[in-house]
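Reading the structure
So the chains spell out like this:
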Amino acid sequence: MAAVRARVLIRPKEGILDPQGKAVERALPALGFEGIGQVHVGRMVELEAEDPARLEELCEKLLANPLIEDYEIERL
Amino acid sequence: MRWGVLQFPGSCDERDALNACEATGAEARLVWHEERALEGIDAVVVPGGFSYGDYLRAGAIARFSPAMEAVSEFAAAGGPVLGICNGFQVLCEAGLLPGALLLNASLRFACRQLHLLEVDGPKMSPYRGESSRRRTLSIPAKHGEGRYWAPDEVLDGLEASGQVAYRYAPGENPNGSARDIAGVRSEAGNVLGLMPHPEHAVDPLTGSTDGLKVFEAVAAAGARA
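Residues numbered from 1 in each chain as written. Chains lettered and ligands numbered in written order. Predicted model: local features only at pLDDT ≥ 70, side-chain atom pairs only at ≥ 80, totals over all residues. Heavy atoms only, no water.

**Points about the overall build of chain A**
A tally of regular secondary structure across chain A gives two helices and three strands. Whereas a compact globule of 76 residues would reach a radius of gyration of roughly 11 Å, chain A reaches 16 Å, over 25% beyond that. With respect to the three principal axes, the spread of C-alpha positions in chain A is 50 × 25 × 15 Å. Here chain A holds 76 residues, and the buried ones make up 28% of them. Total accessible area on chain A is roughly 5100 Å²; 52% of this is exposed by carbon and sulfur atoms. Computed over 10 positive and 15 negative side-chain charges, the separation of the two mean positions in chain A equals 2 Å. (Helix = DSSP H or I, 4+ residues; strand = E, 2+ residues; numbered from the N terminus. Rg over C-alpha atoms; globule rule 2.2 N^0.38 Å. Buried < 20%, exposed > 50% of the residue type's maximum accessible area, 1.4 Å probe, protein only. Areas by Shrake-Rupley, 256 points an atom, 1.4 Å probe, with all protein chains shown as cover. Lys, Arg positive; Asp, Glu negative; His and termini not counted. Charge placed at Lys NZ, Arg CZ, Asp CG, Glu CD.)

**Brief notes about the pattern of salt bridges**
Oppositely charged side chains can pair when the atoms bearing their charge come close. Evaluated as defined, the whole model comprises 18 salt bridges over all chains. Between D70(A) and K13(A) there is a salt bridge; the shortest N-O distance is 3.3 Å. With a gap of 57 residues between them, D70(A) in strand 3 (residues 69-75) and K13(A) in the loop between strand 1 (4-12) and helix 1 (19-27) connect regions that are remote in the sequence. Salt bridges linked by common partners bring D152(B), D156(B), E159(B), R167(B) and R179(B) together as one network. (Salt bridge = Lys/Arg side-chain N within 4 Å of Asp/Glu carboxyl O.)

**Observations concerning the side chain of H197(B)**
All names here are of chain B. Structurally, H197 can be placed in the loop between strand 11 (191-194) and helix 5 (211-224). A residue is classified by how much of its surface remains accessible, and H197, at 0% relative accessible area, is buried. A polar atom in the side chain of H197 sits 2.8 Å from the side chain of E199. What H197 contacts, discounting residues up to four positions off in sequence, is D13, G48, I84, C85, I139, P140, A141 and K142. (Polar contact = N/O pair within 3.5 Å; in protein donor to acceptor, adjacent residues only side chain to side chain. Contact = heavy atoms within 4.5 Å.)

**Quick notes on the sheet that holds strand 1 of chain A**
Residue and element names in this part refer to chain A. The strand order 2-1-3 describes an open sheet built from three strands, whose pairing is antiparallel. Looking at the sheet topology across the chains shown, the edges are occupied by strand 2 (43-49) and strand 3. Averaged over all neighbouring strand pairs, the angle between strand axes comes to 20°, with direction disregarded. Pairing of strand 1 with strand 2 involves seven bridges; the strand directions are antiparallel. Following the sheet pairing, R7 is matched in strand 2 by E46. Docked against the sheet, helix 2 (residues 55-63) engages strand 1, strand 2 and strand 3, running at close to 145° with respect to strand 3. (Pairing = 2+ DSSP bridges. Axes fitted to C-alpha atoms, helices over the stretch in contact; angles between N-to-C directions.)

**Some thoughts on a nonpolar patch on the surface**
Residues and elements named next belong to chain A. On the surface, a nonpolar cluster with roughly 320 Å² of combined accessible area is contributed by L31, F33 and I36. Secondary-structure assignment places I36 in the loop between helix 1 and strand 2. On the basis of relative accessible area, I36 is assigned to the partly exposed category, the value being 45%. (Patch = residues over 30% accessible without salt bridge, like charges linked within 9 Å, V, L, I, M, F, W, Y side chains within 5 Å.)

Okay, here's the thing in structure tokens:
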């Protein structure tokens with residue numbers, strides 16, 4: 001079976017303070033980028049899966065912590 | 001009484017933890033992360049450091065180690081477990097303790113001596129029998145990801161059931177933790193995790209011996225088990 005390429009995007013859940021996003025947001029005006037808000041910093045994991053049906057379980061158990069993070073699986 | 005102190009690749013506080021365990025008058029040995037059994041061990045410390053490089057999320061990979069599987073069984077059987085800093089993160093990731101530890105709100109690594117308030121509750125273990133005594137402990141903290149977080153309804157539940165074990169003294173919260181929570185215990189009370197480092201406060205040379213009280217309390221829980 002050919003492996004399926006996938007990309008997993010992981011981001012902090014809405015409502016949880018995201019200091020990385022805030023720090024980036026605050027730095028932007030100094031560089032001349034005005035009018036940019038709601039910046040959030042997450043993680044991206046690329047992988048190849050022989051059994052893509054198990055990707056969700058993989059995200060729940062390891063790649064994301066479902067208590068604090070949301071994730072999206074994108075097949076490439 | 002014999003303590004087991006876990007050692008992962010990337011642990012860095014296991015020797016101080018071992019020393020602190022011995023300072024309580026007990027025996028102690030290191031438990032390598034590949035060990036699958038905890039035979040002859042009466043209490044476990046999951047120490048601080050950067051297990052497996054803390055890649056992905058702090059503690060996320062360590063929770064799948066053979067030694068942590070053994071610790072999960074040990075905890076389920078009522079064995080006392082103390083998680084310090086990275087160990088606290090590992091216990092949360094493993095689901096042995098509620099909540100999660102996020103990047104410090106300041107984005108800065110916090111390294112300072114601070115005061116912890118012991119918190120009593122209906123479920124007193126490992127402080128059963130000492131409910132009338134609320135102590136303030138002087139203990140150092142050193143972490144970049146120590147902001148304790150859980151949904152509000154979970155926090156309400158923890159407070160109601162006496163699972164908040166330690167709070168930062170007013171004005172000393174170093175990381176933005178919800179409700180100044182520095183440490184929590186499991187519902188059954190035998191698993192305790194905290195961000196500050198009691199193992200670094202067991203010798204007058206470093207300014208405080210209050211950390212011993214944390215180890216003694218966990219040891220007392222082990223002696224009863």
